[in-house]
Amino acid sequence: MAIDRFGRNIHYLRISLTDHCNLRCIYCMPEDQTFRPNADLLQDDEILRLVRLFASLGFDKIRLTGGEPTVRANVVELVRAIAHTPGIRSLSMTTNGVLLSKLARPLKEAGLQRVNVSIDTLDPEKFRRLTRWGKLEQVWEGILAAEAAGLTPIKLNGVVVRGYNEEDVVDLAALTLDRPWQMRFIEMMPFAGATEIQTRQVVTAAEIQQKIESEFGPLEASGEYDGEARIYRIRGAKGQIGFISSVTVPFCAACTRARLTADGVLRMCLLREKELDLLSPMRNGASDEELRQIILDGVWNKPWGHGLEEGIIPLNRVMNQIGG
Ligand code: SAM
Ligand code: SF4
């Protein structure tokens, strides 16, 4: 078991498979973002070695993310190998959904259990503005393909940006009326690359909830968390609504996660810059025991609390280089 100095059992690893992406969401990265060469990223055998090491330390839950995880070459085979690693009980992916209409079935067959698909609006023109060139219908087809393939329960992630989509939360919430989906609204967080938008155009979870309630009436609180999301339901709805208020109400006490970036560093808090390099020691011949020790040191020193209120913004990476 990997326990930190606050007594938290850290057992959930988010692995960024690549920093590359086929979209350029305005809250995630600049339009002219350059990506790392493939040789600088963890190779398949390196990812699998680290997954085995993390699993041996008690990590049992993995989410694949990015950048866009589905653009990684060989993603289906990688999923298969991770899914078959002893100790891994839960394997899911966060994706923009663009390639899901063709990949949902092979990914499910390879052992992926669930997907979270990012969708910030149901208006094709606003979707294009938010993603810089994305086509909403591709993502919608991807969501339906994921549901048909059994990558369920379907969870949708929406980041809300003032001036872009704050009025769209009502239509997104309405998706849950007759579908067993979970629509999760995420407060925009600040990182390098898009800090201007991220700090000035945040819409708080409280404001999002208010907008939804002014249309549907008071939401029913389940009193539960699903990961970092506080879960609610519109009265009589089949699905659920989640609020992820990382900026205004951090959930550090319940945080059990670590992040492995595509270039092989361990980051123990999304909103703190501190990182531990695993790639260089691995390429310099470190033993499994030495790598395990680096991971355990990182876990032990996992931070508590972000510094956004004091104006401390993590600027050493753009969001897609961390893995949301
Ligand atoms: N490309 C995939 C996707 O978009 O789902 C996976 C990577 S993306 C970085 C993971 C999640 O982070 C997405 O749901 C995305 O909306 C969210 N995200 C990106 N930038 C963010 C920001 N500045 N604040 C909050 N969430 C953000
Ligand atoms: Fe790509 Fe996901 Fe970032 Fe959008 S949020 S640019 S889809 S990595």
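In what follows, the structure referred to is the one given above.
Report follows, based on the coordinates. (Residues numbered from 1 in each chain as written. Chains lettered and ligands numbered in written order. Predicted model: local features only at pLDDT ≥ 70, side-chain atom pairs only at ≥ 80, totals over all residues. Heavy atoms only, no water.)

## Here's the deal with the site of ligand 1
What surrounds ligand 1 is a group of 19 residues, the closest being Tyr27, Gly67, Glu68, Ser118 and Met189. Asn157 is positioned such that a nitrogen or oxygen atom in its side chain is 3.3 Å from an oxygen atom of ligand 1. For ligand 1, the accessible surface in isolation is 540 Å², of which the surrounding protein chains cover 95%. Sorting the residues of the shell around ligand 1 by element identifies strand E3 (90-95) and strand E5 (155-159) as the ones contributing at least two each. For the shell around ligand 1, the per-class residue count stands at 7 nonpolar, 10 polar and 2 charged. (Near = heavy atom within 4 Å. Polar contact = N/O pair within 3.5 Å; in protein donor to acceptor, adjacent residues only side chain to side chain. Areas by Shrake-Rupley, 256 points an atom, 1.4 Å probe, with all protein chains shown as cover. Helix = DSSP H or I, 4+ residues; strand = E, 2+ residues; numbered from the N terminus. Nonpolar A, V, L, I, M, F, W, Y, C, P; charged D, E, K, R; others polar.)

## So, helix H3 (residues 100-110)
Within the sequence span of H3, burial applies to Leu100, Leu103, Ala104, Leu107 and Ala110. For H3, the arc enclosing every buried residue in end-on projection is 140°, short of the 170-degree limit, so these residues lie on one face. Opposite its buried face, H3 presents the exposed residues Lys102 and Glu109, each directed more than 90 degrees away. Gly111 lies just past H3 and shows a positive phi near 120°. (Buried < 20%, exposed > 50% of the residue type's maximum accessible area, 1.4 Å probe, protein only. Arc of directions from axis to C-beta.)

## Brief notes about the layout of surface pockets
Of the voids in this model, the second largest pocket is the one considered here, and its volume is about 170 Å³. As for the second largest pocket, its lining consists of Leu17, Thr18, His20, Asn38, Leu41, Leu42, Gln43, Asp44, Val71, Arg72 and Ala73. Across the lining of the second largest pocket, the residue classes break down as 5 nonpolar, 4 polar and 2 charged. (1 Å grid on protein atoms, 1.4 Å probe; cavity = no way out; pocket = protein on both sides within 12 Å on 5 of 7 lines; lining within 4 Å. Points joined across faces, edges and corners; volume = space filled by probe spheres on them.)

## Considerations on the pattern of salt bridges
Applying the stated rule across the entire model yields 23 salt bridges. Glu228 is paired through a salt bridge with Arg184; the nearest N and O atoms lie 3.7 Å apart. Placement of the pair is Glu228 in the loop between strand E7 (220-226) and strand E8 (229-233) and Arg184 in strand E6 (residues 182-186), with a sequence separation of 44 residues. The two residues Glu228 and Arg184 agree in class, both being buried. (Salt bridge = Lys/Arg side-chain N within 4 Å of Asp/Glu carboxyl O.)

## A look at the site of ligand 2
In the vicinity of ligand 2, the contacting residues are Cys21, Leu23, Arg24, Cys25, Cys28, Met29, Gly67 and Asn96. Grouping the amino acids of the shell around ligand 2 by side-chain chemistry returns 5 nonpolar, 2 polar and 1 charged.

## Here we look at the sheet that holds E5
In spatial order, the strands read E7-E8-E9-E6-E5-E4-E3-E2-E1-E10-E11-E12; together these 12 strands make up an open sheet with mixed pairing. Strands at the two margins of the open sheet, each flanked by one partner only, are E7 and strand E12 (275-277). With direction set aside, neighbouring strand axes in the sheet form an average angle of 25°. Against the sheet, helix H8 (residues 205-216) engages E6, E8 and strand E9 (240-244), with an angle of about 155° to E9. (Pairing = 2+ DSSP bridges. Axes fitted to C-alpha atoms, helices over the stretch in contact; angles between N-to-C directions. Contact = heavy atoms within 4.5 Å.)

## Topic: the side chain of Glu46
For Glu46, the position within the fold is in helix H1 (residues 44-56). If we skip the residues at most four places from it in the chain, Glu46 touches Leu41, Leu279, Met282 and Arg283.

## Observations concerning the environment of Leu122
With respect to the helices and strands, the residue Leu122 is situated in the loop between strand E4 (114-118) and helix H4 (124-131). Among the residues examined, Leu122 registers a relative accessible area of 28% and is labelled partly exposed. Spatially, the C-alpha atoms of Leu122 and Val318 are 26 Å apart, while their sequence positions differ by 196 residues. In this view, Leu122 contacts Leu136, Trp140, Asp168, Asp171, Leu172 and Leu175; residues no more than four positions away in its chain are not counted.

Purely spatial values, then, with no claim about function.
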